[in-house]
Amino acid sequence: MMKKKIILLGPPGAGKGTQAKRIVEKTGLLHLSTGDILRDEVARGTELGKQAKAYMDRGDLVPDELIIGMIRGRIENADGFILDGFPRTVAQAEALEQITPVDVVIDIELERDEVIRRLSSRRVCRNCGKIYNLISNPPKLDGKCDACGGELYQRDDDRPEVIENRYDVYTSSTAPLIEFYRSRGLLVEVDGKADPDAIFARIMEIIGG
Ligand code: AP5
């Protein structure tokens, strides 16, 4: 099994979750999506979920202390992982450096108009988490997951006004990480407009899988 420590960076809707799931199937790496962990906390009504929900519904970032506390225990003893949606601020990246070094940061690039188009038409399986797109990757049966038959739903933060705020938050708070990791010689850029198979092939080339 692969033992690399990989960060997937990129704007909302760039395809981080789509690619992370494929990488995990191929390599067995541990997939840590801070968005998925937070949505699970919200669904279970935990204290963290209650604190995070209002930020997520607006498309704002959940405060750094909550995120770092949530992720630390999951990564400090792991041999390898794919981080999807973390770090998202310079403070989170600095905290991660204190916890463990990473091998590579893959930045999936996508422009604003395409982000908005993709997220408005995204659907996700409530049961297994498989990601669909009504335009580019629709399910065979309306509203049903091809893989498990589960119900497909639209995320609360995939509403137009929230998508726009998420993109703006990405630009102001997360995009500075591109320079942060470039200056450390860890950054590799990938064109997110390409076909998902081509992006996956490129990522496997980068991580040596
Ligand atoms: P999170 O869940 O991390 O959302 P995100 O970063 O906005 O990313 P997405 O899940 O929207 O997009 P993705 O890049 O995974 O794209 P996907 O593969 O689904 O975070 C949600 C919220 O949680 C945040 O707003 C914040 O409040 C909070 N949060 C999370 N982490 C945090 C942190 N570290 N700090 C603070 N707060 C945090 O693809 C999108 C669509 O495009 C799909 O429909 C897919 O089918 C389609 N698609 C994918 N690839 C392609 C392709 N190549 N061509 C055509 N279509 C494609």
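Before going into details, it helps to say that this report is about the structure given with it. (Residues numbered from 1 in each chain as written. Predicted model: local features only at pLDDT ≥ 70, side-chain atom pairs only at ≥ 80, totals over all residues. Heavy atoms only, no water.)

1. Here's the deal with the packing of helix H6 (residues 112-120) against helix H7 (residues 160-174)
Thinking step 1. Packing of H6 against H7 leaves a shortest axis separation of 10 Å and a crossing angle of 140°. Between H6 and H7, the angle is such that the two are oblique. Handedness of the H6/H7 crossing: right-handed. For the pair formed by H6 and H7, the contact residues are Arg112, Val115, Ile116, Leu119 and Ser120 on the first element and Ile163, Glu164, Arg166, Tyr167 and Asp168 on the second.
Thinking step 2. Class assignment of the residues belonging to the contact of H6 with H7 gives a composition of five nonpolar, one polar and four charged. (Axes fitted to C-alpha atoms, helices over the stretch in contact; angles between N-to-C directions. Helix = DSSP H or I, 4+ residues; strand = E, 2+ residues; numbered from the N terminus. Parallel < 35°, antiparallel > 145°, perpendicular 65-115°, else oblique. Left-handed = near helix turned anticlockwise from the far one by under 90°. Contact = heavy atoms within 4.5 Å. Nonpolar A, V, L, I, M, F, W, Y, C, P; charged D, E, K, R; others polar.)

2. Considering the nonpolar core
Thinking step 1. Residues Ile106, Tyr181 and Ile207 are the most contacted members of the largest nonpolar core, which totals 52 residues.
Thinking step 2. Here this core gets five residues from one element, more than from any other, and that element is helix H9 (residues 196-207).
Thinking step 3. Excluding its chain neighbours within four sequence positions, the residues that come into contact with isoleucine 207 are Met2, Lys4, Ile6, Ile23, Thr27, Val104 and Ile106. (Core = buried A, V, L, I, M, F, W, Y, C linked by side-chain atoms within 4.5 Å. Buried < 20%, exposed > 50% of the residue type's maximum accessible area, 1.4 Å probe, protein only.)

3. Observations regarding the environment of proline 87
Thinking step 1. Turning to its location among the elements, proline 87 is positioned in the loop between strand E3 (81-84) and helix H5 (90-99).
Thinking step 2. Accessibility expressed as a relative area gives 2% for proline 87, which makes it buried.
Thinking step 3. Sequence-wise, proline 87 and isoleucine 67 are 20 residues apart; in three dimensions their C-alpha atoms are separated by 9.0 Å.
Thinking step 4. With sequence-adjacent residues up to four places away left out, proline 87 is seen in contact with Ile7, Leu9, Gln92, Ala93, Leu96, Leu177 and Tyr181.

4. A word on the sheet that holds strand E5 (residues 122-125)
Thinking step 1. Ordered by their spatial adjacency, three strands build an open sheet running E6-E5-E7, and the pairing between neighbours is antiparallel. If you trace the sheet from one side to the other, it starts and ends with strand E6 (131-133) and strand E7 (152-153), each paired once.
Thinking step 2. With two bridges joining them, E5 and E7 adopt antiparallel strand pairing. When the sheet's bridge partners are listed, cysteine 125 is paired in E7 with leucine 152. (Pairing = 2+ DSSP bridges.)

5. Things to note about the sheet that holds strand E2 (residues 31-33)
Thinking step 1. Here we have five strands laid out as an open sheet, ordered E2-E3-E1-E4-E8, and parallel in their pairing. Edge strands, defined here as strands with exactly one partner in the open sheet, are E2 and strand E8 (187-191). Taking the axes of each pair of neighbouring strands and ignoring which way they run, one obtains an average angle of 20° across the sheet.
Thinking step 2. The pairing of E2 with E3 spans three bridges and is classified as parallel. What sits directly across from leucine 32, in E3, is leucine 83.

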